[in-house]
Amino acid sequence: MKFGKKLLSCILVGAVVMGSLVGCGNKEASGGDEKAPIRVATSPVFPPCSYKDDEGNLAGFEHDAFEEIGKRCGRKIEWIEGDSQDALFGAVDSGKADTIAFQISINEDRKKNYDFSEVYGYNKIYLAVRDDFDYKNMDDLQGKKVNVPPAHSFYPAVEEYNKSLPEDKQIIVIPSDSGSMYEALEQGRYDACPITEVAFKEAMSKKPYKVKIAGDPIVVEENAYPFSKDADPELVKDVNDAIKSMMEDGTMKKLAEKHYKVDTTVQQ
C-alpha cells in the first residue's frame, strides 16, 4: 500500500510538471510572449524614399529605417502597399495599418486626427515646373494648374492663398494624376507640382525631363510616423524609443546619407 501511494504521488507530480512544460510550450508556440508586429503602410513609387528594386523587393530609406526600428523594438514589420498617400492614411484610419512610412509631415490638421512619433527627418519641398516657366513665387501660379493631393503639406497653403483671390485668379488644384508627374509637366497637363530636391535629383539622374525646380522652398516639413489616436501606447513607445536610439547613435543619419546623399536628420 505504501509503495502504491508513493508511486501514485510520483505519477501525479510528474503529470503536473509535464503539464506545466506543455503549457509553456504552447504559449511560446502561439506567440503569447512575442510582441505584435508593426503593420507599416508605404507606397513604393517614390525613390529614394520608398520604391522597389530590380528584383521587386521593397527598398529605400523608409524601408531600411523601419526594418531597423522593428529590430530594436523586437517586433516584425508587416508591409502594406498603397498607390497614393490618401490610400496610406486610409489604411491607418481603417485599422489595416498601424502607421505610414512615406516621408509624412506633421501639420496642424493631421495632429487633430493622428498622434505622431518622434521627428526623424526634415524635408524641404520645392515646386517643379517646366523649363520654360519663369516661376519665382506663388503669385506666378495664379490661374495655373498645380498637382497637389489633399493630404500633401502644401495643400493648406494653396487653399489659404486662394481665399484672397477672385475665382478667375485662383490656383487650380488637381488633387491627383496617374503616371509620371514629370511627363505630365512636360505635356502641360498641369504647370507645377511639389517635390523634394532629393527626389527630383534622383528622377533626373534616370531620365532628363524638361522640367526644373524653381523658387525658394514652399514648405519645410518635419517628418514623423503617424498613428491613430487609439493606437497601442506600448507600440508607439517602442517606435519612439527606437527612433531616439537611432538618432543618438547616428544610424538614422547613415541611412539618410546612404539613400538621400544628405543628412536629413537635422534642419538645414
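Residue numbers here run from 1 along each chain, matching the order of that chain's written sequence. Given that this is a predicted model, residues contribute local features only at a pLDDT of at least 70 and side-chain atom pairs are listed and counted only at 80 or more, while totals for whole chains, interfaces and linings are drawn from all residues. In computing side-chain properties, one takes all heavy atoms of the structure into account and sets aside hydrogens as well as water.

### As for helix α3 (residues 85-93)
Applied cut-off: Only protein chains enter the calculation, and the probe is 1.4 Å; a residue is then buried if its accessible area is under 20% of its type maximum, exposed if over 50%, and partly exposed in between. Secondary structure elements follow DSSP: runs of H or I no shorter than four residues count as helices, runs of E no shorter than two count as strands, and numbering proceeds from the N terminus. Arc definition: it is the arc formed by the directions from the helix axis to the C-beta atoms. For this analysis, residues touch if any pair of their heavy atoms sits within 4.5 Å.
Inspection of α3 places Q85, L88, F89, A91 and V92 among the buried residues, and these make up the whole buried set. The buried residues of α3 occupy an angular sector of 150 degrees when the element is viewed end-on, so they sit on one face. As for α3, its buried residues are in contact with β1 (38-42), β5 (99-100), α4 (108-113), β6 (114-116) and β12 (226-228). Phi turns positive one or two residues past the end of α3, at G95, with a value near 85 degrees.

### What about the pattern of salt bridges?
For the record, the criterion: A carboxyl oxygen of Asp or Glu within 4 Å of a side-chain nitrogen of Lys or Arg is what we treat as a salt bridge.
Taken as a whole, this structure holds 18 salt bridges when the rule is applied. Here R130 and D191 are joined by a salt bridge, their closest N and O atoms 3.1 Å apart. Pair noted here: R130 is in strand β7 (residues 121-130) and D191 is in the loop between α6 (181-187) and β10 (192-196), with a separation of 61 residues, a long-range link. Look at R130 and you get buried, because its relative accessible area is 18%. We classify D191 as buried; its relative accessible area is 13%. Among the ionic pairs, D241 bridges to K237, the shortest N-O distance being 2.7 Å.

### Some thoughts on the side chain of N123
Selection criterion: Pairs of N or O atoms within 3.5 Å make up the polar contacts considered here, provided that, within protein, one atom can donate a hydrogen while the other can accept it, and that residues adjacent in sequence are counted only when both atoms are side-chain atoms.
In this structure, N123 sits in strand β7. The class of N123 is buried, set by a relative accessible area of 7%. Separated by 3.1 Å, the side chains of N123 and Q103 make a polar contact. With residues up to four places along the chain from it excluded, the contact list for N123 reads Q103, T196, V219, V220, E221 and N223.

### Some words on unusual backbone geometry
Residue P48 follows P47 across a cis peptide bond; omega there is 0 degrees. You will see that K261, though not glycine, has its phi angle at about 70 degrees, which is positive. By secondary structure assignment, the location of K261 is in the segment after α9 (251-260). Relative accessible area serves as the criterion here: at 66%, K261 is assigned to the exposed category.

### Brief notes about the packing of aromatic side chains
Our working definition: Here a Phe, Tyr or Trp ring, Trp counted by its six-membered ring, pairs with any other such ring whose centre lies within 6.5 Å, and the pair is stacked when the planes are under 30 degrees apart, edge-to-face when over 60, and tilted otherwise. Criterion for a charge above a ring: Lys NZ or Arg CZ within 6 Å of the ring centre, and within 35 degrees of the ring normal.
Taken as a whole, this structure holds 10 aromatic pairs when the rule is applied. Plain terms: the ring middles of F61 and Y120 are 6.1 Å apart, the flat faces sit at 20 degrees to each other, and that makes the pair stacked. With F61 in helix α2 (residues 61-73) and Y120 in the loop between β6 and β7, this pair connects stretches of sequence that are 59 residues apart. Grouping residues by exposure puts F61 and Y120 together as buried. Ring centres of F61 and Y260 lie 5.1 Å apart, and the angle between their planes is 35 degrees; this geometry places the pair in the tilted category. Of this pair, F61 sits in helix α2 while Y260 sits in helix α9, and the two are 199 residues apart along the sequence. Each member of the pair, F61 as well as Y260, is classed as buried. Taking the ring centre of F133 as reference, the NZ or CZ of K144 above it sits at 5.5 Å.

Keep in mind these values describe shape, not function.
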